[in-house]
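Spelled out, the chains give:
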Amino acid sequence: MPAHPDSAPAGVIHDIGYRHYDGDRLGRAAITRALFWHSLRGAYGLGRSARSKILPMSLFAIMCIPAFIIAVIANVGALNLSDLPLPYERYVITTQGVLTIFLAAQAPQSVSRDLRFKTVPLYFSRPLERVDYIGAKFAAMSAAMFILIGVPLLIMYIGALLAEFSVVTHSREVAVALLGAAVFAIVLSGIGLLIASMTPRRGFGVAAIITVLALSYGAVTSLQGILRYAQNDPTAAGWLGLFSPVTLVDGLQMWVFDTTSSAVAPPPGTVGGIGFVLVTFVLIGACWGLLNLRYRKVSI
Amino acid sequence: MAVIRTEELTKRFPGVTALDGLSIDIAPGVIGLVGANGAGKSTLIKILLGIAPATSGRAMMLDLDVVTDGSRIREQVGYMPEHDCLPADVSATEFVVHMARMSGLPANAARERTADTLRHVGLYEERYRPIGGYSTGMKQRVKLAQALVHDPQIVLLDEPTNGLDPVGRDEMLGLIRRIRTDFGISVLVTSHLLGELERISDHVVVIDGGRLLRSSSTSEFTRTSRTLVVEVTDQVEAVAAALTDAGAKVERDRRLLAVELSDDADYDLIRSTVARLGVGLIRLEQRRHHIVEVFGT
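Bear in mind the structure is a predicted one, so any value in this text is a computation, not a measurement.

### Overview of the overall build of chain B
Line of reasoning, step 1. Helices and strands together make up the secondary structure of chain B, namely 11 helices and 14 strands.
Line of reasoning, step 2. Principal-axis analysis of the C-alpha atoms places the extent of chain B at approximately 70 × 50 × 35 Å.
Line of reasoning, step 3. In chain B, buried positions account for 43% of the 297 residues.
Line of reasoning, step 4. Considering only contacts within chain B whose residues lie at least 6 apart along the sequence, 69% involve residues at least 24 apart.

Right, dumping it as structure tokens:
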């Protein structure tokens, strides 16, 4: 039956010759990788409308500007600096507001849309398994956060090299900070994605993520201040650091890598340090487990 | 090759048995799966896709075991859900390309097949606009496209005519028939209306309460269910008697008469009988079957 695409009525399948597909069908691993790249690009608005690029790209720029300024300051001969004005490992705590907003905006973008529009069943009716979907989303969000933190650190590092600071020291310090950045990225992504996956309403997800992160940091640091300085109890103050993701990873970073810290109270002693490391891993594991539980409820 | 085969397939939830010892063996073609809401159709689809485990029994799709080869089955199967499932802020092309890649197609193949498939389902310039602005019919076509884009061997369509007006329903049924005849892809269609499935299916499976009521090729069904519904203004008894005298098989259901259609001359018979008796003819239509009737046969 001949058919003219322009004049035929809607709803007709046109017999232009259906071609079967005999090519490659890639397996779960390749599909998961494709979803990873798709989600990572989506976190920065790539491959989507211009409007969805504005926020993530602006936040990325805002993250880089202070680093850029630090790099420039280090190179201004007149100041005669022998080191960076801000150590690498403190950059996260200093810029955590920007990180929080990025996570709050982009974690829902990654997972809430699929839940709200009920697209998830379409994924699960494909070779992809639940763990692949969650794994790809988790890895992509972590990678996106890592880039957000890592690039400014590299900018500072380049500034330090140009200012002819000690190459050995700074290479070690930036490597340590990047490791810390990776842990931050994974912890924050886990929390952000978990919260976002709980509600198909994007707005709630955004607000909830900001609230959880900002509130926990504010509450913990205020209480820490009171305990440490008013009550003179640095140990208890140190343990409180477990209750905010930012102070948690900052504490881990401080104890494992022996770095400086902006924290009000560090993890108390060796026991504290080990505790902080354990809790970090438990937190990551809990986020992963709860995400799996949440997506088990999704059915076709 | 049996495209779908189950052996004593059972699925129990606390408090309800969704499938009860279902055993079917179905050759390639268009398969109509009929059952009331809650009869077990969606549960069967989930088990066939390998995404929900059965309580007992076996199921095979395309000669692959759903328990051990779920991933491979889903490479070869397309699924079109009953509910809305399309994101509003991407275009049809973007969405179907992404779904093609999620089915395992490499990037280039995904783009080519998306272009082809969207053409086949009848989406042209619209394909570049965000899906949010589409009409219901267009959205149905996108849903169908994402089920077909990876060239599956069989597509599972869950209540594809739900919510469509009669014209849309006919178009969708025609589309489904052509997927089989033009593309060579088997189709499993679920519905709670037997009548519409009869027209396009090669094989009909009827389930109720998780149990198999009937599994037979369509010709067997259509022989027994070509019935006309006649509604007249007055003298229902007289009309029924006159038709029976003329040799037609008539059943009465209060104001309606069900006349079994043995050949096209029966239409003329009904018309002349009604005219002779001087009553008004309100309705003369093919009876649309509902699952309830199968209990009586």
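That was the structure; now back to the text.
### Quick look at the overall build of chain A
Line of reasoning, step 1. For chain A, the count of helices and strands is 11 helices and 0 strands.
Line of reasoning, step 2. The N-to-C order of helical and strand elements in chain A reads α-α-α-α-α-α-α-α-α-α-α.
Line of reasoning, step 3. Dimensions of chain A, computed from the C-alpha atoms along their principal axes, are close to 85 × 45 × 30 Å.
Line of reasoning, step 4. Expressed as a percentage of the 300 residues in chain A, the buried residues total 43%.
Line of reasoning, step 5. Taking all contacts inside chain A whose residues are at least 6 apart in sequence as the whole, residues at least 24 apart take part in 75%.

### Remarks on the packing of helix α4 (residues 96–116) of chain A against helix α6 (residues 130–162) of chain A
Residues and elements named next belong to chain A.
Line of reasoning, step 1. In contact at an axis separation of 11 Å, α4 and α6 are set at 155° when each is read in the N-to-C sense. Judged by the angle between their axes, α4 and α6 are roughly antiparallel. Judged by the sense of rotation from one axis to the other, the crossing of α4 with α6 is right-handed. Contacts between α4 and α6 involve L99, F102, L103, Q106, A107, S110 and V111 on the former and, on the latter, K137, M141, A144, M145 and L148.
Line of reasoning, step 2. Of the residues belonging to the contact of α4 with α6, the class tally is 9 nonpolar, 2 polar and 1 charged.

### Thoughts on the sheet that holds strand β14 (residues 281–286) of chain B
All names here are of chain B.
Line of reasoning, step 1. Strand order in this open sheet of 4 strands is β12-β13-β11-β14, and the pairing throughout is antiparallel. What marks the edges here is a single partner per strand, and that holds for β12 (250–253) and β14. In this sheet, adjacent strand axes meet at a mean angle of 20° when their direction is disregarded.
Line of reasoning, step 2. Where β12 meets strand β13 (residues 256–260), 4 bridges bridge the pair, whose relative direction is antiparallel.

### Remarks on the sheet that holds strand β9 (residues 203–208) of chain B
Whether parallel or antiparallel, the strands of a sheet pair through hydrogen bonds between backbone atoms.
Residue and element names in this part refer to chain B.
Line of reasoning, step 1. Read from one edge of the open sheet, 6 strands run β6-β7-β8-β3-β9-β10, paired in mixed fashion. Since the sheet does not close on itself, it has two edges, and those belong to β6 (77–80) and β10 (211–217), each with one partner. Pairs of neighbouring strands in the sheet enclose a mean axial angle of 15°, with direction left out of account.
Line of reasoning, step 2. Here 5 bridges tie strand β3 (residues 30–34) to strand β8 (residues 186–191), and the two strands are oriented parallel to one another. Each residue of the ladder has a partner; that of G32, found in β8, is V189.
Line of reasoning, step 3. Across the sheet, helix α5 (residues 136–148) is in contact with β6 and β7 (154–158); its angle to β6 comes to roughly 165°.
Line of reasoning, step 4. Where helix α6 (residues 166–183) meets the sheet, its contacts fall on β3, β7 and β8, and the angle it forms with β8 comes to roughly 160°.

### What to know about the confidence of the model for chain B
All names here are of chain B.
Line of reasoning, step 1. Looking at chain B, the pLDDT average stands at 86 and 93% of residues meet or exceed 70.
Line of reasoning, step 2. For chain B, helix α11 (residues 292–296) is the element with the lowest average pLDDT, namely 43, and helix α3 (residues 92–102) is the one with the highest, namely 96.
Line of reasoning, step 3. The complex model carries a pTM of 0.83, and its ipTM stands at 0.86.

### Topic: the nonpolar core
Line of reasoning, step 1. The biggest cluster of nonpolar side chains holds 155 residues, and the ones touching the most others in it are M156 of chain A together with V96, V155, I176 and V187 of chain B.
Line of reasoning, step 2. Here this core takes 15 residues from α6 of chain A, the largest share from any one element.
Line of reasoning, step 3. Ignoring any residue separated from it by four or fewer positions in sequence, one finds V155 of chain B in contact with G78, M80, A147, L148, I179, I185 and V187 of chain B.
Line of reasoning, step 4. Among the nonpolar cores identified, the runner-up in size contains 9 residues, and V232, V239, L257 and V274 of chain B belong to it.

### Details of the interface of chain B and chain A
Line of reasoning, step 1. Between chain B and chain A, the contact holds 38 residues from the first and 36 residues from the second.
Line of reasoning, step 2. Of all the elements, helix α4 (residues 107–121) of chain B adds the most residues to the side of chain B that touches chain A, at 6 residues.

### Here we look at the environment of T270 of chain A
Residue and element names in this part refer to chain A.
Line of reasoning, step 1. Structurally, the position occupied by T270 is in helix α11 (residues 269–296).
Line of reasoning, step 2. Look at T270 and you get exposed, because 9 C-beta atoms sit within 10 Å.
Line of reasoning, step 3. T270 sits 15 residues away from W255 along the chain, and the two C-alpha atoms are 8.2 Å apart.

### So, α5 of chain B
Line of reasoning, step 1. Taking 1.5 Å of rise per residue, the 13 residues of α5 of chain B would be expected to cover 18 Å, and the 19 Å separating its terminal C-alpha atoms lies within 8% of that figure.
Line of reasoning, step 2. In terms of residue burial, α5 of chain B counts as a mostly covered element, since 10 of its 13 residues are buried.
Line of reasoning, step 3. Tucked into the core, α5 of chain B has its buried residues touching α5 (120–124) of chain A together with β6, α3, α4, β7 and α6 of chain B.

### Some points on the packing of helix α2 (residues 51–75) of chain A against α4 of chain A
Residues and elements named next belong to chain A.
Line of reasoning, step 1. Following both chains from N to C, one finds α2 and α4 inclined at 165°, their axes separated by 10 Å at the closest point. For the element pair α2 / α4, the angle class is roughly antiparallel. When the axes of α2 and α4 are compared, the crossing they make is left-handed. On α4, the residues that touch L55, P56, L59, I62 and M63 of α2 are V98, I101, F102, A105 and Q106.
Line of reasoning, step 2. Of the residues assigned to the contact of α2 with α4, the class counts are 9 nonpolar, 1 polar and no charged.

Rules of the game
Residues numbered from 1 in each chain as written. Chains lettered and ligands numbered in written order. Predicted model: local features only at pLDDT ≥ 70, side-chain atom pairs only at ≥ 80, totals over all residues. Helix = DSSP H or I, 4+ residues; strand = E, 2+ residues; numbered from the N terminus. Buried ≥ 20, exposed ≤ 12 C-beta atoms within 10 Å, placed from the backbone. Contact = placed C-beta atoms within 7 Å. Axes fitted to C-alpha atoms, helices over the stretch in contact; angles between N-to-C directions. Parallel < 35°, antiparallel > 145°, perpendicular 65-115°, else oblique. Left-handed = near helix turned anticlockwise from the far one by under 90°. Nonpolar A, V, L, I, M, F, W, Y, C, P; charged D, E, K, R; others polar. Pairing = 2+ DSSP bridges. pLDDT = per-residue confidence, 0-100. Core = buried A, V, L, I, M, F, W, Y, C linked by C-beta atoms within 7 Å. Expected span 1.5 Å × (residues − 1).

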